[in-house]
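The residues making up each chain are set out below.
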Amino acid sequence: MKHIKGTIALAAIALAAAAHAQTRSKEPVEDYVHEPMPPGFQVVVAELEGPVFADASGKTMYTWPLNAVRNGDLGERKNEPTCDDTHYKVNTGLQSPYPGGLELPEVATRPSCIDYWPPVYAPTDAKPVGSFTVVKRKDGKTQWAYEGYALYTSHLDQQPGDVRGGTKWWRKGGDGRETGVLRVPAGPPPAVPPQFDVNQIASGRLLVTAANDRSIYVYDKDTATKSNCDAACLREWAPVLAPENVKPQGEWAIIQNSPGVKQWTFRGKPVYTHILDSIPHSREGSDVPGWHNVFTQVAPPAPKGWTVHGNREGDVLADEQGRTVYIYRCNDDAADQLACDHPTMPQVYRLSVCGKGDPALCNKTFPYVIAAKDAKSDTRIWSVMDIDPKTGRKAAPGAPGSLHVWAYRDRPVYTCARDKKAGDIECDSWGELFGLRNGFKAFWVRDDFGGYHG
Amino acid sequence: MRAISAVFLACAMVAGTAHAEDVLKDRTIGYVLINKAYATWQTPDGKKECPQGFNHGPREQFKELFEGVTDKIAETQLAYEAEIAFPGTDPETRTFFREAQGPTAFGLNLDGKVGPNDFTSPEGEKGIDHQMFRVVGCTENYRGPDGSARHFIESYMQKFNYNRWLLELTDVDSLADDDDVTVTIYRGLDPLATDAAGGFTSGGTQRVDTKRGKEFIYTMKGKIVDGVLTTAPTDITFPESQQRGFPYQSVHAWRARLKLTPDGANGLMAGYMDVERWYHNLPQQWSTHHRSYGAEPMPSQYRAAVRLADGYPDANGKNTAISTAWEVRFAQALIMHPDEPKTVAAKSAKSDIAR
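Predicted model only: the values in this text are computed from it and were never measured.

Calculation criteria
- Residues numbered from 1 in each chain as written.
- Chains lettered and ligands numbered in written order.
- Predicted model: local features only at pLDDT ≥ 70, side-chain atom pairs only at ≥ 80, totals over all residues.
- Helix = DSSP H or I, 4+ residues; strand = E, 2+ residues; numbered from the N terminus.
- Rg over C-alpha atoms; globule rule 2.2 N^0.38 Å.
- Buried ≥ 20, exposed ≤ 12 C-beta atoms within 10 Å, placed from the backbone.
- Contact = placed C-beta atoms within 7 Å.
- Nonpolar A, V, L, I, M, F, W, Y, C, P; charged D, E, K, R; others polar.
- Arc of directions from axis to C-beta.
- Axes fitted to C-alpha atoms, helices over the stretch in contact; angles between N-to-C directions.
- Parallel < 35°, antiparallel > 145°, perpendicular 65-115°, else oblique.
- Pairing = 2+ DSSP bridges.
- Domains from an automatic or database assignment.
- pLDDT = per-residue confidence, 0-100.

(A) Spatial organisation of the overall build of chain A. Per the secondary structure count, chain A includes 6 helices and 28 strands. For 454 residues, the compact-globule formula gives about 22 Å, and the C-alpha radius of gyration of chain A, at 23 Å, lands near that figure. Taken over the C-alpha atoms alone, chain A extends approximately 70 × 60 × 40 Å along its principal axes. Taken over 454 residues, chain A has a buried fraction of 53%. Long-range pairs, those at least 24 residues apart, make up 63% of the contacts in chain A with a sequence separation of at least 6.

(B) Region of interest: the overall build of chain B. In terms of regular secondary structure, chain B is built from 9 helices and 11 strands. For chain B, the C-alpha radius of gyration of 21 Å lies close to 20 Å, the compact-globule estimate for 355 residues. For chain B, the C-alpha atoms occupy an extent of roughly 70 × 45 × 40 Å along the three principal directions. Sequence-distant contacts, at least 24 apart, represent 71% of the contacts inside chain B between residues at least 6 apart.

(C) Region of interest: the interface of chain A and chain B. Counting residues at the interface gives 44 residues for chain A and 42 residues for chain B. Elements represented by at least two residues in the side of chain A that touches chain B include exactly helix H5 (348-355) and strand S26 (430-432) of chain A. In terms of residue count, the dominant contributor to the side of chain A that touches chain B is H5 of chain A (4 residues). Of the residues in the side of chain A that touches chain B, the class split is 19 nonpolar, 15 polar and 10 charged.

(D) Summary view of helix H3 (residues 58-66) of chain B. Residues and elements named next belong to chain B. Those residues of H3 that sit buried are Pro58, Gln61, Phe62 and Phe66. For H3, the angular spread of the buried residues around the axis is 110 degrees, confining them to a single face. Its buried side turned inward, H3 meets helix H4 (77-85) and helix H8 (288-293). Glycine 68 lies just past H3 and shows a positive phi near 80 degrees.

(E) Quick peek at the packing of helix H7 (residues 275-285) of chain B against helix H9 (residues 298-308) of chain B. All names here are of chain B. Between H7 and H9, the shortest axis-to-axis distance is 10 Å and the interhelical angle comes to 170 degrees. Compared by their axis directions, H7 and H9 come out roughly antiparallel. Residue-level inspection shows Val275, Trp278, Tyr279, Leu282 and Pro283 of H7 in contact with H9, the latter providing Met298, Tyr302, Ala305 and Val306. Looking at the contact of H7 with H9, its residues break down into 9 nonpolar, no polar and no charged.

(F) Looking closely at the sheet that holds strand S8 (residues 149-150) of chain A. With antiparallel pairing, the 3 strands of this open sheet are ordered in space as S6-S7-S8 (chain A). At either margin of the open sheet sits one strand with a lone partner, and together these are strand S6 (132-136) and S8 of chain A.

(G) Layout of the domain arrangement of chain A. Taken domain by domain, chain A comprises domain 1 (33-189), domain 2 (191-298) and domain 3 (307-447). Each of domain 2 of chain A and domain 3 of chain A has a C-alpha centre, and these two points are 36 Å apart.

(H) Inspection of unusual backbone geometry at higher detail. Between serine 96 of chain A and proline 97 of chain A the backbone carries a cis peptide bond, its omega angle lying at 10 degrees. Here proline 97 of chain A shows up in the loop between strand S5 (72-74) and helix H2 (113-116). The omega torsion across glycine 144 of chain B and proline 145 of chain B is 0 degrees, close enough to zero to call that bond cis. On the secondary structure map, proline 145 of chain B appears in the loop between helix H5 (132-136) and helix H6 (148-159). Unlike most non-glycine residues, arginine 267 of chain A shows phi in positive territory, near 50 degrees.

(I) Highlighting the environment of aspartate 173 of chain B. Residues and elements named next belong to chain B. Within the element layout of this structure, aspartate 173 appears in the loop between strand S2 (165-170) and strand S3 (178-187). Judged by local crowding, aspartate 173 falls into the partly exposed class, with 13 C-beta atoms found within 10 Å. Sequence separation of aspartate 173 and threonine 28 is 145 residues, and the distance between their C-alpha atoms is 8.7 Å. Once residues within four sequence positions are removed from consideration, aspartate 173 is found in contact with Arg27 and Asp178.

(J) A look at the confidence of the model for chain B. Residue and element names in this part refer to chain B. For chain B, mean pLDDT is 91; residues scoring 70 or higher make up 90% of the total. The low-confidence segment residues 344-355, where pLDDT is below 50, has 21 contacts with residues more than four positions distant or belonging to other chains. The ipTM, which scores confidence in the relative placement of chains, is 0.92 for this predicted complex, and the corresponding pTM is 0.93.

(K) Up close: the pairing of strand S5 (residues 218-225) of chain B. Residues and elements named next belong to chain B. Alignment of S3 against S5, held across 6 bridges, turns out to be antiparallel. Among the inter-strand pairings, isoleucine 185 is bridged to a residue of S5, identified as tyrosine 218. The sheet contact formed by S5 and strand S6 (residues 228-231) spans 4 bridges and is antiparallel. Its bridge partner lying in S6, valine 225 is registered against valine 228. Two successive antiparallel strands, S5 and S6, enclose a turn made up of 2 residues, where aspartate 226 displays a positive phi of approximately 50 degrees.

(L) Broad picture of the environment of proline 313 of chain B. Looking at where proline 313 of chain B falls in the secondary structure, it is placed in strand S10 (residues 311-313). Not counting residues within four places of it along the chain, the set of residues in contact with proline 313 of chain B comprises Lys318, Asn319 and Thr320 of chain B.

(M) Representation of the pairing of strand S20 (residues 307-310) of chain A. Residue and element names in this part refer to chain A. Here S20 shows two buried faces, one formed by Thr307 and His309 and the other by Val308 and Gly310. Alignment of S20 against strand S21 (residues 314-318), held across 4 bridges, turns out to be antiparallel. Residue pairing for S21: histidine 309 is matched across the bridge by valine 316. Taking the residues between adjacent antiparallel strands as the criterion, S20 and S21 are bridged by 3 residues.

(N) Structural view of the packing of H5 of chain A against H4 of chain B. At their nearest, the axes of H5 of chain A and H4 of chain B sit 7 Å apart, and the two run at 25 degrees to each other. If you check the angle between H5 of chain A and H4 of chain B, you find them roughly parallel. Along its contact with H5 of chain A, which presents Val348, Tyr349, Ser352 and Val353 of chain A, the element H4 of chain B presents Leu78, Glu81, Ala82 and Ala85 of chain B. For the contact of H5 of chain A with H4 of chain B, the residue count by class is 6 nonpolar, 1 polar and 1 charged.

(O) Local environment of the environment of lysine 159 of chain B. Residue and element names in this part refer to chain B. Relative to the helices and strands, lysine 159 resides in helix H6. A residue is classified by how many C-beta atoms lie within 10 Å of it, and lysine 159, with 17 of them, is partly exposed. In this structure the C-alpha to C-alpha distance between lysine 159 and leucine 258, which are 99 residues apart in sequence, comes to 23 Å.

This is the structure we're talking about:
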């Protein structure tokens with residue numbers, strides 16, 4: 001069993017990919033089930049989220065499935081779109097313990113649901129296609145739906161492949177009781193046998209078992225046709241056996257190590273679970289030399305020079321100076337559950353928990369991660385932007401007094417003044433609902449204990 | 001009246017009975033923590049220790065602070081959350097905090113003195129240092145047997161391996177009397193062993209976490225007198241998480257006084273808890289919503305803890321730590337170090353409550 005590096009310093013967060021030393025352009029992307037789609041629809045393989053449905057212009061589509069908040073349910077039921085042009089003025093009171101009827105921030109200019117989430121309208125004569133159906137809105141218009149849930153695009157997405165409106169990370173869309181009811185990118189199922197599934201984590205699209213989310217691993221000593229995991233090895237590694245009647249398909253094949261005993265292979269490697277893994281979607285097995293987690297698609301690398309550091313729970317991403325990086329998360333408590341985590345959105349939420357309403361204090365307690373003037377990102381998921389530090393709002397490039405900062409999913413990232421050494425997470429779970437609803441979460445790359453990241 | 005929780009008084013130590021010679025191998029015995037709660041002395045109706053009643057929680061304080069004053073989120077909900085994140089120490093004007101009163105508390109005499117603010121234990125021991133009791137004693141979240149935070153802190157300690165706490169005694173000649181034993185605290189990696197009825201039992205195995213748990217390893221001296229282990233005061237940190245954030249507690253001069261048996265150990269542990277770390281642990285592992293279960297007013301608690309802090313003054317003479325005591329129970333366990341053979345760990349229980 002491999003041991004123990006207190007601090008892991010890697011140039012990228014894509015740990016599993018490092019062993020193969022492939023350039024990003026050669027990294028495989030996730031194969032998916034090719035479903036019939038309405039005219040003009042397409043599948044775009046996004047950098048982090050993998051395959052997502054997009055409209056003719058390449059804009060990612062999202063659903064807003066019904067989810068439990070603390071004191072009730074919000075979101076949409078199947079075939080019942082509710083996101084409309086109402087300009088909500090007060091909160092619902094569904095986010096316990098606070099009452100409803102409180103005036104929302106910047107209420108005079110607060111957008112409506114469809115300002116942020118334009119519906120994907122369907123022609124009046126549109127007919128259902130596969131899992132895509134046509135639902136009627138309250139205003140009489142028709143809207144496309146996927147598996148019954150109405151489809152929307154996000155005002156934040158600018159280019160094909162942008163998935164800035166929501167993410168499959170964080171418990172496959174989020175636990176509404178803590179995060180609020182989030183929008184979820186819609187996409188085709190991954191092309192994996194029924195025994196398998198794919199989990200979204202920071203490092204990519206992790207292959208797991210469908211039954212219980214146990215991580216899938218491959219072994220360097222194996223070949224496409226033979227497992228070299230011997231009797232001693234088999235005490236720790238369990239081959240994922242294929243049913244008798246299955247056939248090879250796509251990237252999946254079958255080998256027989258013993259007559260009648262079939263084992264799945266993926267991309268030319270027999271696949272296993274690690275018996276000693278203690279939690280679902282674990283990375284523990286990858287500590288054993290020669291063994292690797294399997295990703296259908298690896299996440300893009302973090303900015304150059306950034307590192308990963310271990311701590312008492314797992315691994316976190318750190319900036320060039322080795323300071324743990326934090327993500328700010330926010331969702332309001334109005335009936336349309338609009339996000340408040342973007343620099344074009346009201347900053348009063350963030351300012352309350354990072355500086356008691358004082359931007360200057362915020363900039364000291366949760367400093368932005370400053371980017372070099374000439375910093376560039378090769379990916380869409382990481383970017384640089386200009387921020388007005390007095391407001392927290394996005395600034396014009398090069399605007400006087402603005403800060404040039406790193407952003408993830410088009411949102412600035414931060415460090416925490418309380419952190420003193422690499423791997424520190426003094427500000428993890430800071431703010432409302434442990435940082436999930438209006439607060440800060442460390443950028444977790446790996447979790448060895450099954451923490452609750454929302 | 002003694003009110004140490006029913007768990008600690010009513011339960012038999014653990015299932016099964018072992019003999020000292022069976023478990024004391026190589027002069028070593030290991031234990032794993034199975035119960036832990038603030039040691040809160042309480043009367044049935046609370047009138048003795050809480051003559052002013054129990055504390056108001058976030059819902060009640062919200063009304064006291066904002067009802068009829070403003071109805072804007074920024075000036076109410078967000079102002080309250082800002083106060084939680086950055087609590088003040090100025091006196092409260094619209095809210096009122098109820099400290100536990102009276103001369104009686106569980107705990108240990110940490111400084112070896114009998115001072116004017118000290119308690120007397122129910123057994124009559126004077127000089128008990130436990131100012132945290134004044135902070136949490138009249139907050140329903142922490143009162144036994146079913147205070148919500150009390151329940152869930154313990155529940156997550158039991159089911160979330162991040163919190164696994166091991167105690168290993170080495171150089172032990174006898175569990176009855178030995179004036180020089182070595183005590184080491186580790187974090188374990190494995191679920192607690194349970195019997196067929198789901199009760200925690202002795203005899204389980206625990207692997208030592210030498211990878212991510214290094215910061216939780218501490219070694220100290222101890223002595224056993226009449227079957228009671230007393231450890232030397234040592235500064236420690238220990239993990240305490242309800243599976244949301246991953247914080248820890250930092251305790252100065254921590255020590256334990258435990259009745260030892262071959263099957264387990266029970267008693268008290270105590271020390272001076274770092275106030276800042278303790279306070280930020282509150283919202284980092286449970287939210288305002290959860291704190292409302294048991295009417296826990298976090299900003300008011302902070303003010304009280306700062307006011308009542310009684311140890312480890314900073315350069316300005318301001319105390320930074322507060323005397324605290326926990327009631328604890330351990331089950332005997334076989335502690336496995338990394339160079340020993342591995343066992344197959346059971347899968348961690350998924351958190352399925354208190355969300």
